[in-house]
Amino acid sequence: MIDINQIVRPNILTLNPYTSARDAHTGREGVFLDANENPYGTLNRYPDPYQRKLKQKLAILKGVAQENIFIGNGSDEVIDLAFRIFCNPGEDKVLTFSPTYGMYSVSAAINNIELINLPLATNFQINMDELSPYLNDSSIKLIFICSPNNPTGNLIYSADIELILNQFEGIVILDEAYIDFANRDSLIGLLQSHNNLIVMQTFSKAWGLAAARLGTAYSSEEIIAIYNRVKPPYNVSAINQQAAIDALDNIKNYKEKLALIKTEKERLITKLKTIHRIKTIYPSDANFLLIEVTDANRLYKDLVAKKIIIRNRDKQIANCLRISIGTAEENEKLINALRTYA
Ligand SMILES: Cc1ncc(COP(=O)(O)O)c(C=O)c1O
C-alpha cells in the first residue's frame, strides 16, 4: 500500500474545506431556513452534495462501497481535480501514451504541469521498455492509461496495467469511459490491492447521458475523501443525479441499447470492408471505429459536405478517421455516402 498523503499537494493536505448547509445538517425532515434557498418551486433546494442515493445504486452495480465512489461533473472534472490534488504547478509532471484522449494534455496545460507523452507502439500497446525508467521518477505524479483507448479503440493489456501499478508509486488513472462496449471486464477489482488506482468511468457513453455530465471515479477511501474535500460543494445538479438514478433503474434499456450498438458496430465493419478506399479498419473494443484511408482530409471534407460528420484524426494518426457507431439509419447514410467516394 502506498502512503497517499506523500503524493498529495501540501496545500490540499492542510485545506480547510467549505462546509455547506447540507454538510452542517444532513437530516431531511424539518423546516429548512439554513441555505438561503427560495422556499418556492421544485428545483429551489440545493442537491445532495455527496449524491448518496445515486451512489447507493452504483455501489451495488459495481460491487464497491459508496465510500469508494466519486461523481464529477463529467470525467473532465475527475481529471482536473486529480491535477489539483496531486500536482504542484510548475514542478510536477504527469505521463500518458499518445495518441489518446485530448483532455489529459489540456488539463495538464491548464494546471501548468509538464506532460510526458510516450508514443504507443505500432499495435497501440504501451511500450513497456520505454516506460520502465519513468516508473521510478518521483516528480511524475499521475499516469493516465485510457483503455479502451480513444481514438485507437483497443484495450491496453491488463498485464501491463498491473505491472505499472506494481512498480509506480504515484497515482494511476485508468480511464474506462468505453469499457461497457469491450470484450473484457473492467479492472475495477484491482482497487482491492492498489490504493493508488483511480478507475474512471462515465454515464456519457453506454448509459447515453452525455448531456447530463456525470463522470465517475472509483478509488480507495482515502483518495475519494480528498476528492470530496476539494470538489465544488454542489458539483452534480439534482436534475443530473436523478437522470443517472433513472438510468440505473432501467438496466433493461441500458442492455438493449448496448446490444444494439454492438450489433450495429459489427454490421458497419462488414459494410466498411466492401469499400476499397478504406485501407484499414482497426479492431475496436469501443463504440467507435478507427479507419485508415488514402486521404483522410479529403474524405472528411467530402462527408461534411454531405452533412455526415465524423472525426478527423489525421493529426494524431496519419490518414485516420474516427467513426462513432450511430443508429442503423445513420450508419446506412454513412455507407451510402462512402460508396460514392472515388
Ligand atoms: C477516453 C475518454 N474519457 C472521458 C471522456 C469524457 O467523458 P465525460 O463526458 O464523462 O466528461 C471521453 C469523451 O469523449 C473519452 O473519450
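Within each chain, residues carry numbers counting from 1 in the order of the written sequence. The model is predicted, so local features are restricted to residues of pLDDT at least 70 and side-chain atom pairs to those at 80 or more, both for listing and for counting; the totals for chains, interfaces and linings are taken over all residues. Side-chain numbers here rest on the full set of heavy atoms in the structure, without hydrogens or water.

(A) Layout of the site of the ligand. In the region of the ligand, 13 residues are neighbours, and Asp175, Tyr178, Thr202, Ser204 and Arg213 sit closest. N or O atoms within 3.5 Å of each other form a polar contact, as long as, within protein, one can give a hydrogen and the other can take it, and as long as residues adjacent in sequence are counted only when both atoms are side-chain atoms. Note that an oxygen atom of the ligand is positioned 2.8 Å from one of the side-chain N or O atoms of Lys205. Between an oxygen atom of the ligand and a side-chain N or O atom of Arg213, the distance comes to 2.7 Å. When residues are sorted by character, Ala, Val, Leu, Ile, Met, Phe, Trp, Tyr, Cys and Pro go into the nonpolar class, Asp, Glu, Lys and Arg into the charged class, and all the rest, Gly among them, into the polar class. For the shell around the ligand, a count of residues per class yields four nonpolar, five polar and four charged. Consider each residue's heavy atoms; a residue with any of them within 4 Å of a molecule or strand counts as near.

(B) Layout of unusual backbone geometry. The peptide bond linking Ser147 to Pro148 adopts the cis configuration, its omega dihedral lying at -5 degrees. Positionally, Pro148 belongs in the loop between β4 (140–146) and α7 (158–167). Cis geometry is adopted by the peptide bond preceding Pro151, which originates at Asn150 and carries an omega value of 15 degrees. Each helix corresponds to a stretch of at least 4 residues labelled H or I by DSSP, and each strand to a stretch of at least 2 residues labelled E; elements are numbered beginning at the N terminus. On the secondary structure map, Pro151 appears in the loop between β4 and α7. The residue Asn36 is not glycine, and still its phi comes out positive at about 50 degrees.

(C) Highlighting the sheet that holds strand β11 (residues 320–324). An order of β8-β9-β11-β10 is seen for the four strands of this open sheet, with the pairing classed as antiparallel. What marks the edges here is a single partner per strand, and that holds for β8 (278–281) and β10 (311–312). Sheet topology note: the β8/strand β9 (residues 288–293) ladder contains three bridges and is antiparallel. In the sheet register, Ile281 faces β9, and the bridge partner there is Ile291. Sheet strands in contact with helix α10 (residues 251–272) are β8, β9 and β11, and its direction is about 10 degrees off that of β9. Each pair of strands is called paired provided DSSP finds at least two bridges between the two strands. Should any heavy atoms of two residues lie within 4.5 Å, those residues are counted as being in contact. Only the stretch in contact is used when a helix axis is fitted, and all axes are lines through C-alpha atoms; the angle between N-to-C directions ranges over 0 to 180 degrees.

(D) Representation of the side chain of Glu292. For Glu292, the location among the structural elements is in strand β9. A polar contact of 2.7 Å, which involves the side chain of Glu292, links it to the side chain of Thr280. With sequence-adjacent residues up to four places away left out, Glu292 is seen in contact with Arg277, Ile278, Lys279, Thr280, Tyr282, Ala318, Asn319 and Cys320.

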